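# Structural overview for review
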Amino acid sequence: MADIKLPELGEGVTEGELIKWLVKPGDSIKPDQSVAELMTDKATVEIPSPMAGVVKTLKFKVGDVIKVESVILTLDPSASTTAISAPAASVSAAPAAATAQPAKPVLSAPTPLPSTPTGPATSISVKLPELGEGVSEGELVKWLVKPGDLVQADQSIAELMTDKATVEVPSPFVGKVKEIKFKVGDVVKVDSVMLILEGSSSSVTTTVKASPTVSPQTGPQQKSATLSMAATNPPPAGFATASGGSGAAEFYPPVAESRVLATPATRRLAREMGVNINSMTGTGLAGRVTRDDVLSSQSQSTFESGTAAQKVAATSPTTTFAYQSPQSLGPLEERVALRGIRKKIAENLQMAKSIIPHFTLMDEADVTELVTLRENLKDFAAKSGTKVTFLPFVMKAMIATMREFPMFNASIDDKASEIVYKKYFNVGFAADTPNGLVVPVIKNADQKSILEISREILDLAKRARDGKLKSEEMKGATITITNIGSVGGTYATPIINHPEVAILGMYKIQDKPIIKNGALAVQKVMNYTVTADHRLIDGAVAANFLKAFIQRIEKPGSLMLEMR
Amino acid sequence: MKNFDVVVIGAGPGGYVAAIKAAQLGLNTAIVEREFLGGVCLNVGCIPSKAMITAAHWLHKSQHDFATMGFNLNTPVEVDFPKLLSWKNSVSQKMSNGVSQLLKGNNVTIIRGEAQFKSATEITVNTAKTEAGAGAPSAASSETIQSKYFVIATGSRPIEIPGFKFDEKDILSSTGALDLNHAPKKIVVIGGGYIGLEISSYLRKFGSEVTVVEAQGQLLAGVVDPECAQVVTRKLVKSGVKVMYNTKAQGQKKSKDGYEVTVEANGKQEILKADKILVTVGRRPNGDQTNLKAAGVTVDERGFVKVDGQRRTNIKNIFAIGDICGQPMLAHKASYEGILVAEVIKGANRAFDVKTVPAVVFTDPEIASAGLTEAEARAKGFNDLKIAKFPFAANGRAVSMQETDGFVKMIADAKTHVLLGVHIVGPEASNLISEAVLAIEMGARLEDLALSIHPHPTLGETMMEAAEATLGHAIHIIQKPLAGNGKSLHP
């Protein structure tokens, strides 16, 4: 049994009035834990216990005046061992791996404790890290760990579906899973605690050594340099050797110059949004850059109409439309939250439809030669370990045609009133997945062979179906192809993937009777559509584009002439 | 072996703030300190010197202003120096204990001892003793600590000059001077910067004969607005401090009744007699300590650790803040950097992005400044400036306090009226400057200050009046009539 005395309260203070007990008999307390609140004539102070133990008796009651050095409570220090180690014992169902490095049994010494952090198992909260620009939450698809599992640093703990992609969430810490905070289907906000780990300092050491070569930016939260860095994912031990020189790491945007007028909060906002405040023209008094200026400049670097349109979309009657179920039908309807990929699709298409004046042109092509060519190449492709579909040929023919008609590989920057012509060809292709429509992108398709494109399509399509695409793999398209006709339908009028200005549709191949050289013949026919942004592309231009494209697709050999 | 997310080395106003913020952000944090929690600032710098200055101020008041107000002291106020010293120490102790509580309350592990880098991810700490509530000090030992991130906050120390090796008994740095248990009869102060002048001011008030030896042609050279320095210099000299300009200290030797300090000016040598010698020629960063080489951290030839705008060193997981990473060596700059690096480590995009680091000198009267001086403004390309002063002599509160020396000076861009700099010399300048800092950070114009009602009667009114004066129409000083006889309300 140990007596806890009222310590010195400061120069000239000899006593204090007890305001409140912060512990009660039977409580197990830690060293430095406050046990009581005392009011002296200088201040109200909390009285810490110098040692651990279980509170036995309280010696004063509230309102009593206590002199320095009097015993305020008694403590059973030996009881602390059992009391504190109890939670550790409760997770004994841990797998064998965990027993190799068990949480150390708690301090057995009943004597006053040094406040060193060795020993007891500590609880570590693993939070959902930043998932990327504009992504604030995700739906929990699957837990990859369960309570009792031993988690290594950077090990994936859960699968989450955001409105951009399905991502795996890594744990930045080592430890044994103690508690899981969400269940599958829950929507998890960035920065909320996903699970609690129980770790001990010794186990941390071991694993940091074990994984020294992991690159600092692992996981799904990889982002462009202009955005804030991936959070909570501390670089592992390997980084120390990184980059020499005196310049040290770079950060963006640069610090505000002395002429820039903006409040500290606005400057921080600009930094967090990756906006260079020095290049902005403020609309406020005396050229002050306001919060609104920063907020509205966000998309300047991409395409201004994006935000303008999102605002339109956000305020348009459609998106705020409240559907009221007729009372009688209530039980016959089911309500499901609109979120994740579905919500993103809804927003994007709403935006595209409200910005772009669409028009669609349709025609059919005789693809007999193309079909034969592909048949002939099948074995060749199989030898190279892949399968060739029609899509890569269509891509090649389309790119060759786009070189003739550069307005199809362009975007409109509404804010700057400029047309942006692109000198690179990133082709998106619409893929149907269980979660909805996604559009993976073949980057620099003009520089890749048909075999390379085939492989990439197969890979992207598979991962799209599995929900494993990275968000970068769905960004940056300059034009899109939709292949919906392979499912059914003769023609469609697709929606352009803004800020692109056109989308090419390809449809089912059918045997059709056509008149050729005055005679009826059965040919392989495939329908094509081109849907264009009428602001940029005139009807006649689109017609010429489609004609030039069909000439190429009908004579696939001509593609050889234009290959690069 | 212990392992942390963040280990902060040095528990000064940069280090302890960084540690608390890191812990608040959920990082497993430790702080290593070899001497005192709170660092130089709380223990042998800002805080104890303010205690001594406050004491000297009241003594001075009793000697000079009491009689005017009708207080007749039959015997002069006596100073019990040892008691004064113990009070001063208790002030430091209180603040240092507060830091300790804050660190513990935020679950920061405090490690007492001297840190040495072994690699970029490992340090050894020669533990002097463990920090424990009631635990007995254990024997000195060495332990190895690993961390994902380190924050170097090891600060600076007084510069020693040849021939004046600190013994902290007679040849003093600021540390020794603050611990004197009496006011020396004669003291020679080498270096007329802000530390030298703060100590000189209060020692003079306690009765010491003070000679300041300054290598340049003015006091506080390059530190503050020259006009502000002038006011302080005048008052210092009036109070009896002897100032020798363009003079260099060459050496000292012990004599029968103290020391003889040899100084040289314009090729002529002179001998100054002194009981104590105080050397305050500046502070040097502690970049030569902590074995930074082992971590691969780049240190420049003056001992400063090189950092970028996020206070990251050339080694990605190591940051440096405060005095160690460059001028100005000010506690509040270090604290800002402490928060900055903790947030950067947590993954936020942050940078040292401020318009101004204010500076305060606790002389009599105080000097405080924020933003640009006139010279700095012109150097930055602000060619068309509006500059004006408002004197404390025209402020009711200052007169009632018998503290009328000094003024508030404002510098603004003439075209936009945006406030660029504020320089205050006068009573409570240290407290008044914060309004200027906020105004400058917010990009305020002179009108914003002038049109904000400042309560009467306060010293703060001088800020409003100075803004009005800079616009050309202050009420409580006489300025030229407005253009066109007031036809335009706005000059």
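Predicted, not measured: the structure shown is a model, and the values here were computed from it.

Conventions adopted
Residues numbered from 1 in each chain as written. Chains lettered and ligands numbered in written order. Predicted model: local features only at pLDDT ≥ 70, side-chain atom pairs only at ≥ 80, totals over all residues. Heavy atoms only, no water. Helix = DSSP H or I, 4+ residues; strand = E, 2+ residues; numbered from the N terminus. Buried < 20%, exposed > 50% of the residue type's maximum accessible area, 1.4 Å probe, protein only. Areas by Shrake-Rupley, 256 points an atom, 1.4 Å probe, with all protein chains shown as cover. Contact = heavy atoms within 4.5 Å. Polar contact = N/O pair within 3.5 Å; in protein donor to acceptor, adjacent residues only side chain to side chain. Phe/Tyr/Trp six-rings, centres within 6.5 Å; stacked < 30°, edge-to-face > 60°. Lys NZ or Arg CZ within 6 Å of the ring centre and 35° of its normal. Pairing = 2+ DSSP bridges. Axes fitted to C-alpha atoms, helices over the stretch in contact; angles between N-to-C directions. Parallel < 35°, antiparallel > 145°, perpendicular 65-115°, else oblique. Left-handed = near helix turned anticlockwise from the far one by under 90°. Nonpolar A, V, L, I, M, F, W, Y, C, P; charged D, E, K, R; others polar. Salt bridge = Lys/Arg side-chain N within 4 Å of Asp/Glu carboxyl O. Core = buried A, V, L, I, M, F, W, Y, C linked by side-chain atoms within 4.5 Å. Expected span 1.5 Å × (residues − 1). Bend = angle between axes of the 7 residues up to and from the residue. pLDDT = per-residue confidence, 0-100.

### A look at the overall build of chain A
- A count of helices and strands for chain A gives 13 helices and 26 strands.
- For chain A, with 564 residues in total, the buried portion stands at 43%.
- Accessible surface, chain A: about 28100 Å² in total, of which carbon and sulfur atoms supply 56%.

### Comments concerning the overall build of chain B
- On a plain count of helices and strands, chain B comes out with 14 helices and 21 strands.
- Looking at the 491 residues of chain B, the share that counts as buried comes to 56%.
- By sequence separation, contacts in chain B at least 24 residues apart represent 62% of the contacts at least 6 residues apart.

### Focus: the side chain of A:Arg552
All names here are of chain A.
- Among the secondary structure elements, Arg552 is positioned in helix 12 (residues 539-554).
- Overall, the relative accessible area of 8% leaves Arg552 in the buried class.
- There is a polar contact of 3.2 Å between the side chain of Arg552 and the side chain of Thr401.
- Here Arg552 is in contact with Ala397, Ala400, Thr401, Glu404, Ser558, Leu559 and Glu562, once residues within four sequence places are set aside.

### Structural notes on the packing of aromatic side chains
- A full pass over the atoms with the stated rule returns 11 aromatic pairs over all chains.
- Where B:Phe66 meets B:Phe71, the ring centres are 5.0 Å apart and the plane angle is 70°; that geometry is what we call edge-to-face.
- With a relative accessible area of 46%, B:Phe71 lands in the partly exposed category.
- Site record: aromatic cluster; members linked through ring pairs are A:Phe405, A:Phe408 and A:Phe545.
- Sitting above the plane of the A:Phe390 ring, A:Arg374 keeps its charged end 4.6 Å from the centroid.

### Digging into the sheet that holds strand 12 (residues 258-265) of chain B
Residues and elements named next belong to chain B.
- The 3 strands lie next to each other as 11-12-13, forming an open sheet whose pairing is antiparallel. A single partner strand is all that each edge strand has here, and the edge strands are strand 11 (247-255) and strand 13 (268-274). Here the strands of the sheet are splayed against their neighbours by 25° on average, with no regard to which way each runs.
- The sheet contact formed by strand 12 and strand 13 spans 7 bridges and is antiparallel. Note that in strand 13 the partner of Ala265 across the bridge is Lys268.

### What about the sheet that holds strand 3 (residues 28-29) of chain A?
Residues and elements named next belong to chain A.
- The 4 strands lie next to each other as 1-8-6-3, forming an open sheet whose pairing is antiparallel. With one partner strand each, in any of the chains shown, strand 1 (2-5) and strand 3 form the two edges of the open sheet.
- Direction of pairing for strand 3 relative to strand 6 (residues 53-58): antiparallel, over a ladder of 2 bridges. When the sheet's bridge partners are listed, Ser28 is paired in strand 6 with Val54.

### Observations concerning the packing of helix 10 (residues 391-404) of chain A against helix 11 (residues 450-465) of chain A
All names here are of chain A.
- Where helix 10 contacts helix 11, the axes come no closer than 9 Å and their chain directions differ by 125°. The angle between helix 10 and helix 11 places the two elements in the oblique class. In this structure, helix 10 meets helix 11 at a crossing whose hand is right-handed. Counted together, Leu391, Pro392, Phe393, Met395 and Lys396 of helix 10 and Ile450, Ile453, Ser454 and Ile457 of helix 11 form the full contact between these two elements.
- Across the contact of helix 10 with helix 11, the residue classes tally to 7 nonpolar, 1 polar and 1 charged.

### Considerations on the pattern of salt bridges
- A full pass over the atoms with the stated rule returns 52 salt bridges over all chains.
- In this structure, A:Lys61 engages A:Asp64 in a salt bridge whose closest nitrogen and oxygen atoms are separated by 3.7 Å.
- A salt bridge links B:Arg350 to B:Glu343; its shortest N-O distance comes to 2.7 Å.
- If you follow the salt bridges from partner to partner, you end up with A:Arg267, A:Arg271, B:Asp353 and B:Glu441 in one network.

### Side note on the nonpolar core
- Core analysis: the largest hydrophobic core is formed by 57 residues, its most contacted members being A:Met395, A:Met398, A:Phe408, A:Ile481, A:Tyr528, A:Phe549 and A:Ile553.
- Residue contributions to this core peak at 8 residues, all from helix 10 of chain A.
- Core analysis: the second largest hydrophobic core is formed by 35 residues, B:Ile53, B:Leu180, B:Ile199 and B:Leu203 among them.

### Describing the packing of helix 1 (residues 15-24) of chain B against helix 9 (residues 331-346) of chain B
All names here are of chain B.
- Two elements in contact, helix 1 and helix 9, have axes separated by 7 Å at closest approach and are oriented at 30°. Taken as a pair, helix 1 and helix 9 cross one another with a handedness that is right-handed. Between helix 1 and helix 9, the contacting residues are Val17, Ala18, Lys21 and Ala22 on the first element and Ser335, Gly338, Ile339, Val341, Ala342 and Glu343 on the second.
- Residues of the contact of helix 1 with helix 9, tallied by class, amount to 6 nonpolar, 2 polar and 2 charged.

### Looking at the environment of B:Phe362
- Among the secondary structure elements, B:Phe362 is positioned in the loop between strand 17 (359-361) and strand 18 (366-371).
- Put simply, B:Phe362 and B:Tyr194 are 168 residues apart on the chain and 7.8 Å apart in space, counted from C-alpha to C-alpha.

### Regarding helix 9 (residues 368-383) of chain A
All names here are of chain A.
- Between its first and last C-alpha, helix 9 extends 24 Å over 16 residues, near the 22 Å set by a 1.5 Å rise per residue.
- The sharpest bend along helix 9 comes to roughly 40°, located at Leu377.
- Buried within helix 9 are the following residues: Leu370, Val371, Arg374 and Ala381.
- Considering only its buried residues, helix 9 is in contact with helix 10, helix 11, strand 25 (502-516), strand 26 (519-533) and helix 12.

### Notes on unusual backbone geometry
Residues and elements named next belong to chain A.
- The amide bond that connects His498 to the next residue, Pro499, takes the cis arrangement and shows omega of 10°.
- A positive phi is found at Asp191, a non-glycine position, where the angle reads about 85°.
- Following the sequence through the fold, Asp191 ends up in the loop between strand 15 (187-189) and strand 16 (193-199).
- A positive phi angle, near 50°, is found at Ser417, a position not held by glycine.
- Among the secondary structure elements, Ser417 is positioned in the loop between strand 18 (410-413) and strand 19 (418-421).
- By relative accessible area, Ser417 is classed as exposed at 65%.

### Quick word on the pairing of strand 6 of chain A
- Note that strand 6 of chain A and strand 8 (residues 71-76) of chain A share 4 bridges and pair antiparallel. What sits directly across from A:Thr57, in strand 8 of chain A, is A:Thr74.

### Things to note about helix 4 (residues 264-273) of chain A
- Of all the residues in helix 4 of chain A, the buried ones are A:Thr266, A:Arg267, A:Leu269, A:Ala270, A:Arg271 and A:Met273.
- Here the buried face of helix 4 of chain A lies against helix 5 (291-297) of chain A together with helix 12 (429-441) of chain B.

### Some points on the environment of A:Met194
Residue and element names in this part refer to chain A.
- In this fold, Met194 is placed in strand 16.
- When the C-alpha atoms of Met194 and Val169 are compared, they prove to be 9.8 Å apart, with 25 residues separating the residues in sequence.
- What Met194 contacts, discounting residues up to four positions off in sequence, is Val126, Lys127, Leu128, Leu140, Trp143, Ala158, Leu160, Val169, Ile180, Lys181, Phe182 and Val188.

### Some thoughts on the pairing of strand 4 (residues 34-39) of chain A
Residues and elements named next belong to chain A.
- When strand 2 (residues 15-21) meets strand 4, the two strands line up antiparallel, connected through 4 bridges. Note on strand 4: the bridge partner recorded for Glu17 is Met39.
- With 5 bridges joining them, strand 4 and strand 5 (residues 44-48) adopt antiparallel strand pairing. Bridge pairing links Ser34 to Pro48 in strand 5.

### Side note on the confidence of the model for chain A
All names here are of chain A.
- When the pLDDT values of chain A are averaged, the result is 76; 77% of them are 70 or greater.
- Throughout residues 80-120 the model reports pLDDT below 50, and contacts reaching past four residues in sequence, or to other chains, amount to 50 contacts.
- Low pLDDT, under 50, characterises residues 200-249; the stretch is placed with 94 contacts to residues that sit more than four places away or in other chains.

### Description of the environment of B:Glu168
Residue and element names in this part refer to chain B.
- Within the element layout of this structure, Glu168 appears in the loop between strand 6 (156-158) and strand 7 (171-172).
- The exposure class assigned to Glu168 is partly exposed, which follows from its relative accessible area of 33%.
- For Glu168, the residues in contact, after removing those within four places along its chain, are Ser173, Thr175 and Gly176.
- Reaching out from Glu168, the side chain makes a polar contact with the side chain of Ser173 at a distance of 2.5 Å.

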